[in-house]
Amino acid sequence: MSSATSEQETATPAEELDHGRGTRVALAVVRIGIGLLWIQSAGWKTPPNFGQDSGTGLFKYTSYAVEYPVFPPFSWLIENLVLPNFALFGYLTLLLEATIGAFLLVGLATRFWAVLGIIQTVAIALSVLNAPDEWPWSYYLMIAAHLVILAAAAGRTAGLDGVLRPRWRQSSGRVAGLLLRAS
Amino acid sequence: MTVEPRSDTRRVSRAGYGLSAAGAAATLLFFAPSSDAIQFVKVSLPVVAVLLFLALVGLLGARLGRSVLFLLAGGIGLIASILQLVQFGGSTNWLGGNGSSAAFLAGLGIGFCALWYAALDSHVPRAAPSSERA
């Protein structure tokens, strides 16, 4: 008998993750907390010019990508594409962040919205990471929290994914299949 | 996989109670000091009225098992959210909130509409007539 085989026979099985009540409550708290983070951040993105006329608000933070570059190609994109069309970009940002917050709050298609949350956090980080008075770990922690929501499918506990997945599983439709994956 | 209708209904009702409670609890933010540390959602007096109405209709939907009430609550939430989103930042703002109010109302609206959809086929089967039971 080879040594590898004998090791396999004697190895203890990997420890299971804790799926208890405490874990489920903590996951729901993380999901709802991150949802509220996006909801609150939709509050200060004020249309119609999003701070462009006064150099404040969303315009100020977006301009940081050019003033304090983190990743030069991203800065170029902001300078040449986003800032010249800022009102459109402002509305898109407001809609995206409000929607991420709304869906994470109620736990619907949670994994999909967690992915969008990660993408949006990376975009924000690429704008402000080198700006004065920023704490880079805010963004690293946001990404980490979204990863937890994504990996644990946090909408299935105290969220609407948990209510709707049995129904989606019964359906043979394409949309139901996509929603199963997104939740 | 088959779904037990009775447990499905219970799950939908419980979620209905949860969303209603969330809407009612958010009205407390009206009394909170205006600090970013606490004011996750801007809740003005008209938003309080909308949230209480949503919570009441959602609560009735969960209590009575009437999915159409979830649809009503969801519709009100979404309409209020769109109104808030269109008006905020302009000179007319009937609800007096901002983007956070719009996002929160959208969340409740989407949630109640999803519950209406979930409840469509999950009703508890009615008891058979007495002649059939015998």
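Before going into details, it helps to say that this report is about the structure given with it. (Residues numbered from 1 in each chain as written. Chains lettered and ligands numbered in written order. Predicted model: local features only at pLDDT ≥ 70, side-chain atom pairs only at ≥ 80, totals over all residues. Heavy atoms only, no water.)

**Let's talk about the interface of chain B and chain A**
No. 1: Contact residues are listed per partner, giving 30 residues for chain B and 26 residues for chain A.
No. 2: Counting the surface lost from both chain B and chain A, the interface buries some 2,200 Å², and carbon and sulfur atoms represent 73% of this.
No. 3: For the pair chain B and chain A, the interface holds zero salt bridges.
No. 4: Taken together, chain B and chain A are joined by four residue pairs in polar contact (both at pLDDT 80 or more).
No. 5: Elements represented by at least two residues in the side of chain B that touches chain A include exactly helix H1 (5-26) and helix H4 (99-119) of chain B.
No. 6: Counting residues per element, the side of chain B that touches chain A draws most heavily on H4(B), which supplies 12 residues. (Contact = heavy atoms within 4.5 Å. Buried area = accessible area lost by both parts, 1.4 Å probe. Salt bridge = Lys/Arg side-chain N within 4 Å of Asp/Glu carboxyl O. Polar contact = N/O pair within 3.5 Å; in protein donor to acceptor, adjacent residues only side chain to side chain. Helix = DSSP H or I, 4+ residues; strand = E, 2+ residues; numbered from the N terminus.)

**Some points on helix H6 (residues 110-128) of chain A**
No. 1: Taking 1.5 Å of rise per residue, the 19 residues of H6(A) would be expected to cover 27 Å, and the 26 Å separating its terminal C-alpha atoms lies within 8% of that figure.
No. 2: Of all the residues in H6(A), the buried ones are Thr110(A), Trp113(A), Ala114(A), Gly117(A), Ile118(A), Gln120(A), Thr121(A), Ala125(A), Ser127(A) and Val128(A). (Expected span 1.5 Å × (residues − 1). Buried < 20%, exposed > 50% of the residue type's maximum accessible area, 1.4 Å probe, protein only.)

**Side note on the nonpolar core**
No. 1: Formed by 74 residues in total, the largest nonpolar core has its most connected members in Leu108(A), Leu160(A), Leu51(B), Phe104(B) and Leu115(B).
No. 2: Looking at this core, the element that brings in the most residues is H4(B), giving 11 residues.
No. 3: Setting aside residues no more than four positions away along its own chain, Phe104(B) makes contact with Ile39(A), Leu105(A), Ala22(B), Ala26(B), Val41(B) and Leu51(B). (Core = buried A, V, L, I, M, F, W, Y, C linked by side-chain atoms within 4.5 Å.)

**Considering the environment of Val106(A)**
All names here are of chain A.
No. 1: By the secondary structure assignment, Val-106 is in helix H5 (residues 86-106).
No. 2: Overall, the relative accessible area of 5% leaves Val-106 in the buried class.
No. 3: In this structure the C-alpha to C-alpha distance between Val-106 and Gly-43, which are 63 residues apart in sequence, comes to 18 Å.

**Here's the deal with the pattern of salt bridges**
All names here are of chain B.
No. 1: Taken as a whole and judged by the stated rule, the model has two salt bridges over all chains.
No. 2: Asp-8 is the salt-bridge partner of Arg-11, the closest N and O atoms lying 3.5 Å from each other. Within this pair, Arg-11 and its partner Asp-8 are both found in helix H1, separated by three residues, close to a single helical turn.
No. 3: Using a relative accessible area of 24% as the deciding quantity, one classes Arg-11 as partly exposed.
No. 4: The class for Asp-8 is buried, based on a relative accessible area of 10%.

**Let's talk about the layout of surface pockets**
No. 1: Reported here for the largest pocket is a volume of approximately 970 Å³.
No. 2: Lining of the largest pocket is provided by 38 residues; of these, Ser41(A), Trp44(A), Lys45(A), Glu97(A) and Ile124(A) occupy positions nearest its centre.
No. 3: Only helix H2 (21-41), helix H3 (57-67), helix H4 (72-82), H5, H6 and helix H7 (136-152) of chain A provide two or more residues apiece to the lining of the largest pocket.
No. 4: Residue composition of the lining of the largest pocket, grouped by class: 19 nonpolar, 14 polar and five charged.
No. 5: By volume, the second largest pocket is sized at about 640 Å³.
No. 6: Of all the secondary-structure elements, those providing two or more residues to the lining of the second largest pocket are H2, H5 and helix H8 (160-170) of chain A together with H1 and H4 of chain B.
No. 7: For the lining of the second largest pocket, the leading source of residues is H1(B), giving eight residues.
No. 8: Residues that form the lining of the second largest pocket fall into these classes: 17 nonpolar, four polar and four charged. (1 Å grid on protein atoms, 1.4 Å probe; cavity = no way out; pocket = protein on both sides within 12 Å on 5 of 7 lines; lining within 4 Å. Points joined across faces, edges and corners; volume = space filled by probe spheres on them. Nonpolar A, V, L, I, M, F, W, Y, C, P; charged D, E, K, R; others polar.)

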